[in-house]
Amino acid sequence: MTFDALLLLDMLLAAMMLMLAVAALHSHSLRQGIILFIVFGLVTALAWARLRAPDVALAEAAIGSGVAGALLLAALRDRKPRKQKTPMARPAWQVLTVTYLVIGLALTASWAFLDAQANHAGPRLGAMVQAELANSGVANPVTAVLLNFRAYDTLLELAVLLAALLGVLALGPERTAPRAAGPVVTHLVAWLTPLLIVTAGYLLWVGAHAPGGAFQAGALLAAAGIVVRLSGNPHTGLPSGVWIRMLAVAGCGVFMFVGLASMSGGANLLQYPADWAGTLILLIEIFATLAIAASLVLVYLGGRPESWSSGGKNARA
Amino acid sequence: MIDLLSAGLIVGGLFFYVAGTVGLIRLPDTLSRLHAVTKADNLGLGLLVFGLLLQLSDPLSMLKVLLIWVLVLAASAAGGQLIARHLQHKREESS
Amino acid sequence: MLGIVLAALGLQAAILQQDAIRRILAINVLGVGVFLVFIATAYQGADAPPDAVPHALVLTGIVVAVAATALALALQRRMESSDVDADDE
């Protein structure tokens, strides 16, 4: 009986994901679509949990649903109201061709996937990870992969985030801040922010031996920043000018520094000395969290903050 | 025995959720839907949480689960108030 | 399997939709679909611990997807403010 119930749950989850995706993409009003997308993200997080991927579930809920949702909604808010813009429908042959091609692609991909599972199964990297886990300095295999075995990839990912941030900053000034909110939101934010910060710290620390880690913690910290911004604070609680730039770069920077430093003993890039591994990983994660948070909040602002161009600490009127 | 109580609480919570969702679909206007969703869902979550609490053994996990309930309560209360206030603004503008 | 369908849905909408923000939404859905395929391969049943490598890949993917979305939204905002009434493709 229990087994059947779980299967039913999984099928319901799958059906919900499909319906939400279709509804989000083809809804009439864009705002509805975005909200449906947020719900889609949350249901996806449930799916990750069912597939035994708790770290991914945390990240999906926080980043994929939370931050992405906030970004999309903010973008929608700033859109100038279109004057009478009924999008002209694409000619039918275009729609049909693309649809058929995509269906063909999907079928080919499915066939390839099933074939690979059936005929080409080989030794899994996961087994290797489990075997070497004790040497990696942390007990959570996902953290071990991210910050030790494949640390190079994570370094590049931080670089990508930094590049996106630079792009956003270069594209223009920040969005106008929402007006100062009423007492309900202000008081909510007042105690929510410290709670978010503490929870972010907890997630960061616990990532060594349980689901969690730098990305989830960074996303929570970014959420704290976003929430402060939504309550109308024009400075968003961020440290001014130089500091925030240093924070954003520090994620990549500290990572590289540790990697290069580890080369000084004659080892390869990012090959940590064995007994320092845990400490080094924590060090990198701390700065990565701060950098991720800083980057995400800046990106949510949508551009260069006002206080930068006026030379630093002048408060906006 | 504890399992039975736990299951009962969880089912009760689910019942409230269903009630809230039915209200969301069937009630005529936004304000009453808001009422249905916040009251029923929060209570439903509370029952669910207490049902789960009975299954846990260490106090830290119990604290975390309780914290989830409190946070959802606060968030939905704030959200509900914001939606209602927005509605009121809209009404004032159009009248 | 679901992942491939989701990815297909996202891809179709990404190509066909005209509005920029909708396309960004669609690319995100495409991303989730791809992630689902990854995580599904990592699943080893209820007993053995799941394979951690695809998890790490997807985690990285989620962050990169959000970074790209942010940049895309900023670009869209800039596009709109430069030409307000032209219908850009």
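In this text, all values refer to a predicted model and were calculated from it rather than measured experimentally.

1. A closer look at the overall build of chain A
Moving on, step 1. Assigned secondary structure in chain A consists of twelve helices and zero strands.
Moving on, step 2. Along the chain direction, N to C, the helices and strands of chain A fall in the order α-α-α-α-α-α-α-α-α-α-α-α.
Moving on, step 3. Each of the 317 residues in chain A was classed as buried or not, and the buried ones make up 39%.
Moving on, step 4. Of all intrachain contacts in chain A linking residues separated by at least 6 positions in sequence, the fraction that spans at least 24 positions is 74%.

2. A few points about the interface of chain A and chain C
Moving on, step 1. Chain A puts 67 residues into the contact, and the matching count from chain C is 53 residues.
Moving on, step 2. Secondary-structure elements contributing two or more residues to the side of chain A that touches chain C are α1 (2-26), α2 (30-50), α3 (54-78), α4 (92-119), α5 (125-132), α6 (141-149) and α7 (151-170) of chain A.
Moving on, step 3. No other element matches α3(A), which puts 13 residues into the side of chain A that touches chain C.
Moving on, step 4. Of the residues in the side of chain A that touches chain C, the class split is 44 nonpolar, twelve polar and eleven charged.

3. Here's the deal with the nonpolar core
A general feature of soluble globular proteins is that nonpolar side chains tend to end up buried together.
All names here are of chain A.
Moving on, step 1. In terms of nonpolar packing, the biggest core is built from 108 residues, with I63, A219, L220, A222, A291 and I292 touching the most fellow members.
Moving on, step 2. The element that contributes the greatest number of residues to this core is helix α11 (residues 277-301), accounting for 16 residues.
Moving on, step 3. Ignoring sequence-local partners within four residues, the contact set of A291 consists of L158, L247, A248, A250, G251 and C252.

4. Looking at the environment of B:D58
Moving on, step 1. Tracing the chain through its elements places B:D58 in the loop between α2 (30-53) and α3 (59-94).
Moving on, step 2. With 21 residues separating them along the chain, B:D58 and B:V37 place their C-alpha atoms 32 Å apart.

5. Some remarks on the environment of C:R77
Moving on, step 1. Considering the arrangement of structural elements, one finds C:R77 in helix α3 (residues 52-82).
Moving on, step 2. Ignoring anything within four residues of it in the chain, the contact list for C:R77 reads A:A75, A:D78 and A:G302.

6. Here we look at the confidence of the model for chain A
A low pLDDT score tells you not to read the predicted coordinates there in detail.
Residue and element names in this part refer to chain A.
Moving on, step 1. The pLDDT averaged across chain A works out to 77; a share of 80% of its residues lies at or above 70.
Moving on, step 2. The element-level mean pLDDT for chain A is lowest in helix α12 (residues 306-309), coming to 58, with α2 highest at 87.
Moving on, step 3. Counting interchain partners and residues more than four positions distant, the pLDDT-below-50 stretch residues 310-317 has eight contacts.

7. Examining α11(A)
Residues and elements named next belong to chain A.
Moving on, step 1. The end-to-end C-alpha distance of α11, which contains 25 residues, comes to 36 Å, matching closely the 36 Å that a straight helix rising 1.5 Å per residue would cover.
Moving on, step 2. In terms of burial, α11 is a largely internal element, 19 of the 25 residues being buried.
Moving on, step 3. Immediately beyond the C-terminal end of α11, within one or two residues, lies G302, with a positive phi of roughly 95°.

8. Here's the deal with the packing of α3(A) against helix α9 (residues 214-230) of chain A
Residue and element names in this part refer to chain A.
Moving on, step 1. At a minimum axis distance of 9 Å, the contact between α3 and α9 shows a crossing angle of 30°. By the angle between their axes, α3 is roughly parallel relative to α9. When the axes of α3 and α9 are compared, the crossing they make is left-handed. Across the interface between the two elements, L58, A59, A62, I63, G66, V67 and A70 of α3 pack against F215, Q216, A219, L220, A222, A223 and I226 of α9.
Moving on, step 2. The class makeup of the residues in the contact of α3 with α9 is twelve nonpolar, two polar and no charged.

9. Some details on the packing of α6(A) against α3(C)
Moving on, step 1. At a minimum axis separation of 8 Å, α6(A) and α3(C) run at an interaxial angle of 60°. It follows that α6(A) is oblique to α3(C) by the angle criterion. The handedness of the crossing between α6(A) and α3(C) is right-handed. For the pair α6(A) and α3(C), the contacting residues are A:P141, A:V142, A:V145 and A:L146 in the first and C:A52, C:V53, C:H55, C:A56 and C:L59 in the second.
Moving on, step 2. Here the residues of the contact of α6(A) with α3(C) sort into eight nonpolar, one polar and no charged.

What counts and how
Residues numbered from 1 in each chain as written. Chains lettered and ligands numbered in written order. Predicted model: local features only at pLDDT ≥ 70, side-chain atom pairs only at ≥ 80, totals over all residues. Helix = DSSP H or I, 4+ residues; strand = E, 2+ residues; numbered from the N terminus. Buried ≥ 20, exposed ≤ 12 C-beta atoms within 10 Å, placed from the backbone. Contact = placed C-beta atoms within 7 Å. Nonpolar A, V, L, I, M, F, W, Y, C, P; charged D, E, K, R; others polar. Core = buried A, V, L, I, M, F, W, Y, C linked by C-beta atoms within 7 Å. pLDDT = per-residue confidence, 0-100. Expected span 1.5 Å × (residues − 1). Axes fitted to C-alpha atoms, helices over the stretch in contact; angles between N-to-C directions. Parallel < 35°, antiparallel > 145°, perpendicular 65-115°, else oblique. Left-handed = near helix turned anticlockwise from the far one by under 90°.

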